[in-house]
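What follows is each chain in one-letter form.
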Number of protein chains: 2
Amino acid sequence: MIRPRHDYSPCLAEKDEQKKREAAVTEESPMRLRMEKFIKEQQQIIVKELERIDGKKFRKDEWTRPNGGGGITCVLQEGNVFEKAGVGVSVVYGSLPKPAIMKMRENHKNLDPDVESLEFFAAGLSMVLHPSNPMAPTVHLNYRYFETANPDGSSQAWWFGGGCDLTPSYLFDEDAIHFHKTIKEACDSHDKTYYPRFKKWCDKYFFNKHRGECRGVGGIFFDDLDETERDQENTFAFVQDCLKAFLPSYIPILEKRKDMPFDAKEKEWQQIRRGKYVEFNLVHDRGTAFGLNTPGSRVESILMSLPLTASWKYMYEPEPKSREQRLVDVLKEPKEWV
Amino acid sequence: MIRPRHDYSPCLAEKDEQKKREAAVTEESPMRLRMEKFIKEQQQIIVKELERIDGKKFRKDEWTRPNGGGGITCVLQEGNVFEKAGVGVSVVYGSLPKPAIMKMRENHKNLDPDVESLEFFAAGLSMVLHPSNPMAPTVHLNYRYFETANPDGSSQAWWFGGGCDLTPSYLFDEDAIHFHKTIKEACDSHDKTYYPRFKKWCDKYFFNKHRGECRGVGGIFFDDLDETERDQENTFAFVQDCLKAFLPSYIPILEKRKDMPFDAKEKEWQQIRRGKYVEFNLVHDRGTAFGLNTPGSRVESILMSLPLTASWKYMYEPEPKSREQRLVDVLKEPKEWV
């Protein structure tokens, strides 16, 4: 823990470490600690299930940040089912300078504009799975919690964000329907307006503007869910249910596709679609840009989302009326799946 | 040519088209037309030489922009020597809105701040060659000219930019020395301060900040060379000499490396280095970002710079004291090659 020597009051990270040493995290603990505990549990559950399916173990790297926080990055490469699978938890403590506070105030009016800096906490679970079989879709998930703290360590502003989306190389309508239906059920049990809003948000966000096409067949995406939307307990419960819906939304699809026959041309098409996945992540994704521009960030954990291999062919066009062309058509005009 | 119907004075693109119809481009013609002519000639010379070496022909796409200008994109894919080679000329006519003018004034005080918009012209030759053999280095080149016009079509502000840099997967010192030496000679014949300045600029620009390493072993890079530096004729002559130095700077290296033996592990290392090339181009390169954010730009011409295939392995580390590690060491601490 590196701090200026003249500052003897413990920082937020130190206060939280002490809390965790003194007592187990319960429903009475601050949301920071509850979210961290929850996503770490979910990471273990997901990793275990993916290891069962693949038959190969994840490599697990635990790392710490010099000013508080750290994470666990789990990656499985060149497995039996997955070309590359990454499931990562990160916890960040830091200090927001005034310009960052002013920018965040655009979405969060309850942030105090009269301070020079604010301590913050951010925690999230991120996952990208790239299966080897071109018939099995890539999937991405991210759920995160952000909080700023008053000087006494109490929470000031907070919000949740995240989502989950599916990116096939070959489109099976029944897969897209199953994926969306499972997520919609998790949303509906909290608020009937959530799924339609967050589905649209997802199509808009995971969009390769320069290609004029969506990254995949969507899912849900939301950000900045704070107390102007709903109270903290209910929002946390919603995020928990979304995350728990991941395995039932994706695993049945994977089981159905992972051993399907495919030929070299279908593998090549997957590689070309992977190239567009790389384009979205490196050119448009705000989370990746934020990570890469944060000094001291763990680059390998951020870029675990990239596929093992990708390809760029100049002016590659699928044959008219082919399955490949149908995917592109749907990516250009997102569908309502449920 | 699409223009508002109430505007009956010819735009800059129309004036230039008329000029080209009426008479051949000579040393008395505006710099716009001379630069366009020069880079198109050079494109042909370079394409012809690369076809000779590869034995396979380039695909040539001529395209036009709805509001004036266009280009010629030449790409050779899966050749005998080149995995992917792109040599493109683009010519753009357009109108700069006030905010863009104000931003450009930071570097060009002679831009008129009292107009609502300015017609501009931009032309450039861009090239990226990715050879198949991991012992043969990737090379990138770009030379460009930018000009704003007064309402009567006369030139207002102008500047040249560009450069050339080498990106090996396996470092042969003699190659880096030959490449730098050839470029330095072209620079020295114009100004002895150019090479040292532009070599440093190159190391600084082609830098993967998030990895803390240069993209390759450098070359030269410069931008915004206008009349505060030197007059237009001399600067054009300098750019011409730099571009003409390309073939002698690169071809001897390619001839030496293109048929060297290599194994699967060396090919894999090349793929990993290609991944970092993609990262630079999509995350940091201003030209790529500008292109992808320009409405109506030809995405396939911009992204012809990406390799045919690339790879991302989580936490891949070369063996200590290996040739692969030596490359990374040099990328982290740029060398003086001449």
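None of the values given here were measured: they were computed from a predicted structure.

(A) Helix α8 (residues 264-284) of chain A, seen in detail. The terminal C-alpha atoms of α8(A), which comprises 21 residues, lie 30 Å apart, in line with the 30 Å expected from a rise of 1.5 Å per residue. Two or three places before K265(A), at the start of α8(A), stands the capping residue D263(A), its side-chain oxygen 3.2 Å from that residue's backbone nitrogen.

(B) Spatial organisation of the interface of chain B and chain A. Facing the 29 residues of chain B at the interface are 29 residues of chain A. Roughly 2,800 Å² is buried in total at the junction of chain B and chain A, and carbon and sulfur atoms are behind 59% of that figure. Counting across the chain B and chain A interface gives four salt bridges. The salt bridge involving E300(A) is made with R211(B); its shortest N-O contact spans 2.7 Å. The tally of links from chain B across to chain A stands at 19 residue pairs in polar contact (both at pLDDT 80 or more). Elements supplying a minimum of two residues to the side of chain B that touches chain A: β1 (59-64), β2 (69-77), α8 (264-284), α10 (299-302) and β10 (309-311) of chain B. By the bridge criterion, three bridges tie strand β10 (residues 309-311) of chain A to β10(B) in an arrangement that is antiparallel. Each bridged residue has a counterpart across the sheet, and for A310(A) the counterpart in β10(B) is A310(B).

(C) Spotlight on the sheet that holds strand β2 (residues 69-77) of chain A. Residue and element names in this part refer to chain A. With antiparallel pairing, seven strands are arranged side by side in an open sheet as β1-β2-β3-β4-β5-β6-β9. Strands with a single pairing partner mark the edges of an open sheet, and in this sheet they are β1 (59-64) and β9 (218-225). Each neighbouring strand pair of the sheet contributes to a mean axis angle of 10 degrees, computed without reference to strand direction. Two elements, strand β3 (residues 82-97) and strand β4 (residues 117-131), share 15 bridges in a ladder whose sense is antiparallel. When the bridges of β4 are listed, G86 appears paired with V128. Taken strand by strand, α8 contacts β3, β4, β5 (138-149) and β6 (155-167), and its axis lies near 170 degrees from that of β4.

(D) Just the sheet that holds strand β4 (residues 117-131) of chain B, in detail. Residue and element names in this part refer to chain B. The seven strands are arranged β1-β2-β3-β4-β5-β6-β9 in an open sheet whose pairing can be described as antiparallel. The two strands at the open ends of the sheet, each matched to only one other strand, are β1 and β9 (218-225). This sheet shows a mean twist of 10 degrees between the axes of neighbouring strands, independent of strand direction. Sheet analysis places strand β6 (residues 155-167) next to β9, joined by six bridges and oriented antiparallel. In the sheet register, D165 faces β9, and the bridge partner there is G219. Lying on the sheet, helix α7 (residues 246-257) is in contact with β3 (82-97), β4, β5 (138-149) and β6; it crosses β4 at an angle near 20 degrees.

Scoring rules and cut-offs
Residues numbered from 1 in each chain as written. Chains lettered and ligands numbered in written order. Predicted model: local features only at pLDDT ≥ 70, side-chain atom pairs only at ≥ 80, totals over all residues. Heavy atoms only, no water. Helix = DSSP H or I, 4+ residues; strand = E, 2+ residues; numbered from the N terminus. Expected span 1.5 Å × (residues − 1). Polar contact = N/O pair within 3.5 Å; in protein donor to acceptor, adjacent residues only side chain to side chain. Contact = heavy atoms within 4.5 Å. Buried area = accessible area lost by both parts, 1.4 Å probe. Salt bridge = Lys/Arg side-chain N within 4 Å of Asp/Glu carboxyl O. Pairing = 2+ DSSP bridges. Axes fitted to C-alpha atoms, helices over the stretch in contact; angles between N-to-C directions.

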